[in-house]
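# Structure at a glance
If you want the building blocks of each chain, they are given just below.
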Amino acid sequence: MIVIPFAIMVVAFFSGVTLLFIIARFLLGIISGIFSCAVPIYLAEISPTGLRGAVCSWYTVMYAFGVIAAIACGHPDTLGDDPWIIMMMLPIAPIVVQMILMRWCPISPRFLLIKQSKYDAALKVLKWLRHTEVMDPLEKELEEISTELEDYFLYRAVRYVQWNQLFKMRYMRKPMLISIMIMCAQQLCGINVFLLYSSAIFEEAGLPGFYGDLSTVILGIVFFVTSIISMFLIEIAGRRMLMLYGYVGSFIFSVGHYLTYLYNSTRHECIGAVTALFMWFYIIHYALGPSSIPWFIVSEMFNQSSRPKAMAVAACCNWFLNSLVAITFWPINTNIQAHVFLIYLFCQMVLFILLLKYLPETMNKSITEVTKLYM
């Protein structure tokens, strides 16, 4: 499916028809939205409880790798002054690899058992996923999955859940609002400002040319490496701890970045370097938890019936705010300069208080156990 928009972009490039490029980008956005919902859900459903956070974090690790690739390929010294046709062709390789590997991706055992009532098929898939023939742990895991059908309300929801029930039914309303809250927190901290406009920010901070480009590359590398570290910490420190610690750290270094960015009117390189340092430490703390956890903790708070719709709503909020922050940053920055970062600081402070009060700990809990917290 993703091949279609890339083919349209290639045609748009050679034909010079701007409308085709817009259509391709629109289709690519839809497909990216589908992936951002389906991949975290699938990973959460096939992962063992004790490794669910680590496995699901691979989604963000690959996203961070994509950031590095975009930074490297987007520089004029890498692919020349007009790299667009090359960059449009680059995704073909991972697309082909994905299409080949998809034949080894089994249907989720949770989907097979709950949605299709295929116990034997679910058991077969679970044996392959866990690489064991020992029946006791396999039957125990299938029993945990099947408990979603035992409660009357969950049983009814499996078959008849509607979009409005996400906000009307008590056991779905609170986790839905928490899911929206953590997606808002992820984007309103201003992360996309630093990822999308880092080179321009470094230049305004007093690091032009080579030093600004180098700082941007380091920022991407820091994001990628810390995302890998976070993958191991999630199952040790827990979701809630990493989320809260990440937001505290990112808030502190956001304040430092704002102050140095504000008072560096002379664009002195030394102060610009300090500004870059604050940005790097901001990225480190963001990547430790706020980057990855929102994408899979939603799947941990909903049962099989409501999980796809809940993830769709949460992802929609995430991508909407992603676009809003990216589009509005420069117009606001033009009018109030460095004070634009005060908006993100205020949002971080308010959302941290809400997270501190309402965010649950889901580590080492089955999806059924988490769901019952809101019954």
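Calculation criteria
Residues numbered from 1 in each chain as written. Predicted model: local features only at pLDDT ≥ 70, side-chain atom pairs only at ≥ 80, totals over all residues. Heavy atoms only, no water. Salt bridge = Lys/Arg side-chain N within 4 Å of Asp/Glu carboxyl O. Helix = DSSP H or I, 4+ residues; strand = E, 2+ residues; numbered from the N terminus. Patch = residues over 30% accessible without salt bridge, like charges linked within 9 Å, V, L, I, M, F, W, Y side chains within 5 Å. Areas by Shrake-Rupley, 256 points an atom, 1.4 Å probe, with all protein chains shown as cover. Disulfide = S-S within 2.5 Å. Buried < 20%, exposed > 50% of the residue type's maximum accessible area, 1.4 Å probe, protein only. Axes fitted to C-alpha atoms, helices over the stretch in contact; angles between N-to-C directions. Parallel < 35°, antiparallel > 145°, perpendicular 65-115°, else oblique. Left-handed = near helix turned anticlockwise from the far one by under 90°. Contact = heavy atoms within 4.5 Å. Nonpolar A, V, L, I, M, F, W, Y, C, P; charged D, E, K, R; others polar. Core = buried A, V, L, I, M, F, W, Y, C linked by side-chain atoms within 4.5 Å.

Moving on: the pattern of salt bridges. In this structure the tally under the stated criterion is 6 salt bridges. E45 is paired through a salt bridge with R307; the nearest N and O atoms lie 2.7 Å apart. Of this pair, E45 sits in helix α2 (residues 18-46) while R307 is found in helix α20 (residues 307-336), placing the two residues 262 residues apart along the sequence. Its salt-bridge partner being R239, residue E300 comes within 2.6 Å of it at the nearest N-O pair. Separated by 61 residues along the polypeptide, E300 in helix α19 (residues 293-300) and R239 in helix α17 (residues 239-263) bring together distant segments of the chain.

What follows concerns a nonpolar patch on the surface. Residues M89, I92, V96, V97, I100, L101, W104 and W128 make up a contiguous nonpolar surface patch of about 750 Å² in total accessible area. With respect to the helices, strands and loops of the structure, W128 is situated in helix α9 (residues 119-130).

So, about the state of the cysteines. When the sulfur atoms of two cysteines share a covalent bond, that bond is a disulfide. This model, assessed by the stated rule, comprises 0 disulfides. No disulfide involves C37; its sulfur sits 8.6 Å from that of C316, the nearest cysteine. Left unpaired, C189 is separated from the closest cysteine sulfur, that of C347, by 9.5 Å. For C189, a relative accessible area of 2% gives the class buried.

Turning our attention to the packing of α17 against helix α21 (residues 340-358). Contact geometry of α17 with α21 gives a least axis separation of 10 Å together with a crossing angle of 160°. Classed by the angle they form, the pair α17 and α21 counts as roughly antiparallel. Relative to α21, α17 is oriented so that their crossing is left-handed. For the pair α17 and α21, contact is made by R240, M243, L244, Y247, V248, S250, F251, S254, V255, H257, Y258 and Y261 and by F341, L342, L345, Q348, M349, F352, L355 and L356, respectively. Grouping the amino acids of the contact of α17 with α21 by side-chain chemistry returns 15 nonpolar, 4 polar and 1 charged.

What follows deals with the packing of α2 against α20. Contact pair α2 / α20: the axes reach a minimum separation of 9 Å and the direction vectors enclose 135°. Classified by the angle their axes make, α2 and α20 are oblique. In this structure, α2 crosses over α20, and the sense of that crossing is right-handed. The segment α2 lies against α20, with G33, S36, C37, P40, I41 and E45 engaging R307, P308, M311, A312, A315 and W319. A breakdown of the residues in the contact of α2 with α20 according to their chemical character gives 8 nonpolar, 2 polar and 2 charged.

For the rest of this paragraph, the subject is the nonpolar core. Grouped together as the largest cluster of nonpolar side chains are 40 residues, with contacts concentrated most on M176, I182, F302 and L355. Listing elements by their share of this core, those giving two or more residues are α2, α13 (170-188), α17, α19, α20 and α21. Of the residues forming this core, the biggest block, 10 residues, is contributed by α13. With near-sequence residues (within four places) excluded, I182 lies in contact with M243, Y247, P294, I297, V298, L355 and L359. Residues F202, A205, A276 and Y344 belong to the second largest nonpolar core, which totals 35 residues.

Function cannot be inferred from these measures alone, as they are strictly geometric.
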